[in-house]
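Commentary on secondary and tertiary structure
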Amino acid sequence: MRHNLRSWIADADTRQSIRTFGLARQLDILDYQNGRTTDLYFSLLGELFDSLRQESDDARDWATLGNALAQLGERLTGVTRSDAFFFASVAFYSGGYSASAYLTIRRADPEDWASENYRASYDLLARPHEPRSERVLELLAALRRGDSGAADSALPDAESAVLDALAQGPEEWISQQSYASLLARFSRVNLRSVLPDGMARRWDPLVDSFLDRTPPAWDFFPSQVQAIEAGLLTSDVTYSLQMPTGAGKTALTETLIFSHLTEHPDDVAILLVPYRALARELRGSLARRLTDLGLPTRTVYGGTVPTPEESQDLDAVRAFIATPEALTGLLGRSTGLLSRISLAICDEGHLLDSGARGIGLELLLARLRARAEPPRVVFVSAIVPNIEEINSWLGGSEDTVVRSDYRPAEAEYAVLRPAGRGRGITVGLEAHPLSTNLPAHTLPGFLQVSDFEFTNLRTGHRNTYPYSSFKTQALAAARKSLALGTVAVFSTTKTGQQGVIGLGEELIAQIAAGLPLPDPSDFVTHSDVTEVADYLSREYGTEWIGARTLRVGAVVHHGDIPQETREALEELLTRHHVRMVLCTSTLAEGVNLPIRTIVLYAVRRRNAAGQAEQMLARDIRNLAGRAERAGSSTKGLVICANPNDWPAVLPVATGEPGENVHGALHRLLGIVQNAVRQNGINLTNRVLEANAIVYPLVDGIDATLVELLHDELGDDEFQELASSLAVGTFAARQLDEAGQVMLSNVFALRAGQVAELRAGGRLGWIRETGARVRLVDSVVDDLVPSFSRWDEVESPLDEELLEVMVSWAYKQRDFERDVLAAYRMQDLPPATDISRLVRAWIEGRTFSEMAQNLNYEIDALLRVHSQVVSYAFTTLVEQATALLGRYLADIGIELAEAVVDLPEYLRFGVPTPAAKTMLAAGIRHRRAAVELGNDPSMSSPENALRSPSDLARELLEDEDRWRGLLGDFVYQRTRSDVAQRTGRQG
């Protein structure tokens, strides 16, 4: 692109930003553009068609052209407006930004063009389900029937028509050249052309599936093409893919699984995902699509002990989407499953560095690699600089690493720069649009005193809202950015004035003051928002920050908020009903949301010692990638609100690689090494089990070794196997000789512990239950004798049972650590506090009721519930009851059903079997399950053979009663849930 045109585009972008953000201050230096819109338009068109003729391969130049033309189109009217959007779409599509092309062309009016060339071009860009162009209809029919050459065959005629059009005039030439260029690219990147042996009939179901989606997928992104052309679908060896967020990993994964399983009809493929939220999202998308393609897929994301639903009929399942811990538990339940796995895809692989989750993932991959015939592994991550090192560990070569820098939408980075003091403070927006080939520019006066002046309604005086804090400026910048689209304001922490709650309070205070800034409520587009706000008030209280912020048009989203509520809030964002979200990194954990602007309020957090820690550059990159999602916008914006944080953000903006991934196993082993060296102690199992900080290391190794120890394997052979597994970890490849010896010693010690379990006849308990090895003695010696009615308990609400369970949990060091962290105390609270909270949860109380009755602040309650009740305690009880049942069975006692089912009652927070069954079946809201489950009809003898979902459907027909009990939002969703459930049963 010519330098002077690039500068002109940058200046036009600055002028547009001044208009978009409603800035009072103008820049005289940009006055040369006054009255020259037409000149810019034709200069852009000239550049576009020069690039089309030269077949430019500079993707960022194409993105710059596309965004410049689309921005110009906003200021035009009539046919010229549609033309600008059309040409912008041509630029995007030519650069490989098909999602941006799709978004942009939909802003044009197809009725503005009558010629077949324009109709065909429009259809290629807009991908309607019913194209109007006969040419495009034929191209799509050819795709369905497996004729990848149809586009190639049509191309010579299209190119000849371009030459003929030169004699007819510029308008005809433009239409012919546009169509020919689009057709040429379509011929290279359409589904059949990219798929190996794309005309083969085996691809028909997959191609039909892609074509029938909304919007349809007719072609592949450049990142997907790069991976496929590198042999991803034709090779049986390990690959590692570095693909930015939003670059098409899910569709590529679907294609890979379909290709692999159709070629290996007796095998199983697994997709490992780190987060339960991501697994839940994929259950409704990828898993459903694979099942529809004839590849039954199961999503498993519970605890380490599989539920009956997760572990039944495994022979019929062809693909699993699972968290590492859930898959490990499933492998223990099904001895034959491991040998059937011939493809393992590891998504978000950088989470090797993430605590217990990372250790479980590393050891699972090491175990898969240790098989006599290891499965093929495909490792995927957006942000691993040392991906070649990991690929080599997994068995790949330098030829099987695919690095793509393609992003479906480019992002600009900017930082707020305050200047002056007191009422004289102005805040400039210093932009660094490095990824779009444009020079940097600054918007002076982006924020200034007039943005914070308001009239005090009580006194009638003009006041100035204090705006010197970075928090106030971050929220003000976010409010101005609402004009661009959905805005996320990010903080590293949930609570406190520096966290998401503090952001919410600041937003509410600004709106209450009446500052002359865009109001989030002005962008609310649906009555759903009012209904969800009512739901939040019912469940968490009217004064909860989440309910209060939603009433002013913004969403609060963090990890302590229960999943059912997060999903409801995410739907508001996905459907564009709300444009602002205040969030932690939970929002970046795999969930696909249409974020246009991210304001980074803080990129530092306090560690356990109270010291400030900066986020890793790779984590900032992953977060910023949410502003570059395919199909959500053509350009993203990332604003650093605190200039002191800019040095941490700048490496991300400039594309520097960030920190290497070493793995949590490597890190925890270093902690063990240092402790042994500094304290001069001998490493023993007692030492390993004395400190909860290394429990993820111990538990991860134990779970792996348990699955390796078979009856025919002697103790010496088992020690050798454990040693070879230690050598096969990623950690072993990075350690020095002393570290490798230490790693082998840890594996040997745990192997000895596992072997002792076998000698005592208890190994089968662990293998069948998925419980932790270190809990066996505690369950048998401490828990069993503490209660005499294991076989007589009739209700999970049995007060003595819950007290016994909590008292036993208090003896576990990791539970003690979790409780102290959640309560933020130096000393443990009384066990009765946890017992009362657990009981209230199982009784089905709302969080508002629990907070009021137990004297908790609502956000403290949510934190304790999330970290202690629903995770730490439920996990312990899940493992303890599994071991209890196995131990008592050996001595002739049958564990009471109420105890067996206690983990599920804890997981769902319900008091009745009917409520538990409904939630397990897919009803989304706990409140609905509790109220319906408590209805007398659910326990009446005449309904004993009817399903709770069927009964619920009948009950909900009394609309007035149930709307009153549940509120509009929960009522409508529950009716939909039970209708779907009973429909599947029918």
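Calculation rules
Chains are numbered independently. Their residues run from 1 in the order of the written sequence. Owing to the predicted nature of the model, reporting of local features is limited to residues with pLDDT of at least 70; listing and counting of side-chain atom pairs is limited to 80 or more, with chain, interface and lining totals taken over all residues. Each side-chain value is derived from all of the structure's non-hydrogen atoms; neither hydrogens nor water enter the calculation. Counting from the N terminus, the helices are the DSSP runs of H or I reaching at least four residues and the strands are the DSSP runs of E reaching at least two. When accessible area is computed with a 1.4 Å probe and restricted to protein chains, residues below 20% of their type maximum are described as buried, those above 50% as exposed, and intermediate ones as partly exposed. Throughout, a contact is declared for two residues whenever any of their heavy atoms are within 4.5 Å. A 1.4 Å probe and the Shrake-Rupley method give the accessible areas. Residues count as covered only by the protein chains that appear here. We treat Lys and Arg as the positive residues and Asp and Glu as the negative residues; His and chain ends play no part in the count. Every charge is mapped onto a representative atom, which is NZ of Lys, CZ of Arg, CG of Asp or CD of Glu. Nonpolar side chains (Val, Leu, Ile, Met, Phe, Trp, Tyr) within 5 Å and like charges within 9 Å form the patches, drawn only from residues with over 30% relative accessible area and no salt bridge. By definition, a salt bridge exists where a carboxyl oxygen of Asp or Glu is found within 4 Å of a side-chain nitrogen of Lys or Arg. For helices, the axis comes from a line fit to the C-alpha atoms of the stretch in contact; other axes are also lines fit to C-alpha atoms, and the angle between any two N-to-C directions lies between 0 and 180 degrees. An angle counts as roughly parallel when it lies under 35 degrees, as roughly antiparallel when it exceeds 145, as roughly perpendicular when it falls between 65 and 115, and as oblique in every other case. In a left-handed crossing the near helix is turned counterclockwise from the far helix by less than a right angle, and in a right-handed crossing that turn is clockwise. Each residue is assigned to one of three groups, with Ala, Val, Leu, Ile, Met, Phe, Trp, Tyr, Cys and Pro labelled nonpolar, Asp, Glu, Lys and Arg labelled charged, and all others, Gly among them, labelled polar. In protein, a polar contact means a hydrogen-donor-capable atom and an acceptor-capable atom, both N or O and within 3.5 Å, with residues adjacent in sequence counting only if both atoms are side-chain atoms; elsewhere, any N or O pair within 3.5 Å suffices.

**Overview of the overall build of the protein chain**
Along its length, the protein chain carries 46 helices and 19 strands. Each principal axis of the C-alpha atoms in the protein chain carries an extent, and together these give about 95 × 75 × 70 Å. Within the protein chain, buried positions represent 61% of all 986 residues. Summarising the internal contacts of the protein chain: among those between residues at least 6 apart in sequence, 70% fall at separations of at least 24. Of the roughly 38,400 Å² of accessible surface on the protein chain, a fraction of 47% belongs to carbon and sulfur atoms. Positive and negative side-chain charges in the protein chain, numbering 98 and 132 respectively, have mean positions lying 4 Å apart.

**Description of a negative patch on the surface**
A surface patch of negative charge is lined by Asp711, Glu712, Asp716, Glu717 and Glu720. With respect to the secondary-structure elements, Glu717 resides in helix H31 (residues 715-727).

**Considering the packing of helix H17 (residues 324-333) against helix H19 (residues 355-369)**
Where H17 meets H19, the closest approach of the two axes is 9 Å, and the angle between their N-to-C directions is 45°. On the basis of their axis angle, the class for H17 and H19 is oblique. At the point where H17 passes H19, the crossing takes the left-handed sense. Two secondary-structure elements touch here, H17 through Pro324, Leu327, Thr328 and Leu331 and H19 through Gly360, Leu361, Leu364 and Arg367. Taken together, the residues of the contact of H17 with H19 break down into five nonpolar, two polar and one charged.

**Observations concerning the side chain of Arg289**
Position of Arg289 relative to the elements: it lies in helix H15 (residues 286-292). Since its relative accessible area comes to 19%, Arg289 is described here as buried. At a separation of 3.1 Å, a polar atom in the side chain of Arg289 contacts the side chain of Glu254. Residue contacts for Arg289: discarding those within four places in its chain leaves Ser209, Arg213, Thr250 and Glu254.

Shape descriptors only; they carry no functional weight alone.
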